[in-house]
Amino acid sequence: MRCAGAIPLLGSRPGEIDPTEEALLQAHLATCDSCRARLADVEALGVIVRDGLMVEAARRDLAGLADGVMARIPASAWRGERPGALGRARAFLRHHRVLAAASALAPALAALALYLYIDRGSGAGPAGLSVEVTSEDLAAIVLDTSDGPIILVGEGANGT
Amino acid sequence: MRSTWTAAWAAVVLLACLPARAADAPVPVRIRVLQGFRQGTPGLPPGLEDLKAQLSATAYVRWEQAEEVKVSLAPGKSVAVSLPGGRAVSVLLVESKSGAATFEVSAPDSRTRSRVTVPPGKRIVQQVSAEQGGSAWFVTIKASG
């Protein structure tokens, strides 16, 4: 193995490269001062980064993290229970807010459409006319004219 | 999220109330009392020309207007219209939706009751008395709202 093939493998973690490559790398490091120096630098950098991350993590206050996570998990979940239908519906709505809002508006839009449909359907025209006549002892007939209905009563009514 | 639900339900309530508000509004109603005769010179007196299409469909050829009432009726309210001889006809506005009005007319003299829904601009002509001596009484009802 030459330096060009060895450099990318420097700093690899155990198991990241196959045993054959590992053996070739170790053989190369045994004979190459330059690559050993690079490996030392990589390992030193890893230590610096790790220590830096630990310092940064220590500065963060994670005291309430566990409680916060547990609070967001439904009690039924950490007791090992499956949520009920209502719980699943709430979880679904919580994660699909736009769909939930649209679902809530659907009845309103349906009511509006129905209102507009009825509003237009009851306009002028034969469909809007409705006549019921009851007479105790006289006959009644209804004539439909262009201006409206005529209700006549009598023995045989009086239409022409 | 809560505000979205609140807005949605507010829209539902508002839409549910819209037809109710329109249905409760008072409606101007014009009622005329007419007497029709089988005999006489055919024709309509001044002021009754607008009734020609309907009145000419009956067997009565001469017409006279006895009374005219203009009233604003709210749904569920009625007005009594007098006929000669101390008789009266009751006109009840049952409901009004988008200009189409439903009236219930009770005529004790002919023991007749009608319930009629007319589209906007249409008029009801109803005979409210049995024919006597070749004449009979009528009422015309038109909602102008």
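Worth saying up front: this structure is predicted, and the values here are computed from it rather than measured.

An order of E2(A)-E3(A)-E7(B)-E8(B)-E1(B)-E2(B) is seen for the six strands of this open sheet, with the pairing classed as mixed. Here the strands that pair on one side only, and so sit at the sheet edges, are strand E2 (139–145) of chain A together with strand E2 (62–73) of chain B. Strand-to-strand twist in this sheet, taken as the mean axis angle between neighbours without regard to direction, amounts to 15 degrees. In terms of strand pairing, strand E1 (residues 27–37) of chain B meets strand E8 (residues 135–143) of chain B through nine bridges, oriented antiparallel. Each residue of the ladder has a partner; that of B:Ile31, found in E8(B), is B:Ile141.

All names here are of chain B. Along the chain, the position of Ser-135 falls in strand E8. One polar contact links Ser-135 to Gln-35, side chain to side chain, over a distance of 3.2 Å. Ignoring anything within four residues of it in the chain, the contact list for Ser-135 reads Gln-35, Gly-36, Phe-37, Tyr-60 and Ala-130.

Moving on to the confidence of the model for chain A. Residue and element names in this part refer to chain A. Taken as a whole, chain A shows an average pLDDT of 80; of its residues, 85% reach a score of 70 or greater. Averaged pLDDT values over the elements of chain A bottom out at 67 in helix H5 (residues 75–78) and peak at 90 in helix H2 (residues 19–31). Note that residues 121–127 has pLDDT below 50 and, in this model, ten contacts with residues that lie over four places away or in other chains.

Once that is clear, we can look at the sheet that holds strand E4 (residues 87–97) of chain B. Strand order in the open sheet made by the five strands is E1(A)-E6(B)-E5(B)-E4(B)-E3(B), with antiparallel pairing throughout. A strand with exactly one partner marks an edge of an open sheet, and here the two such strands are strand E1 (130–135) of chain A together with strand E3 (78–83) of chain B. Direction aside, the axes of adjacent strands within the sheet are offset by 15 degrees on average. Bridge count for E1(A) against strand E6 (residues 112–118) of chain B is six bridges, and the pairing is antiparallel. Its bridge partner being in E6(B), A:Thr134 is matched across the sheet by B:Arg113.

Calculation rules
Residues numbered from 1 in each chain as written. Chains lettered and ligands numbered in written order. Predicted model: local features only at pLDDT ≥ 70, side-chain atom pairs only at ≥ 80, totals over all residues. Heavy atoms only, no water. Pairing = 2+ DSSP bridges. Helix = DSSP H or I, 4+ residues; strand = E, 2+ residues; numbered from the N terminus. Axes fitted to C-alpha atoms, helices over the stretch in contact; angles between N-to-C directions. Polar contact = N/O pair within 3.5 Å; in protein donor to acceptor, adjacent residues only side chain to side chain. Contact = heavy atoms within 4.5 Å. pLDDT = per-residue confidence, 0-100.

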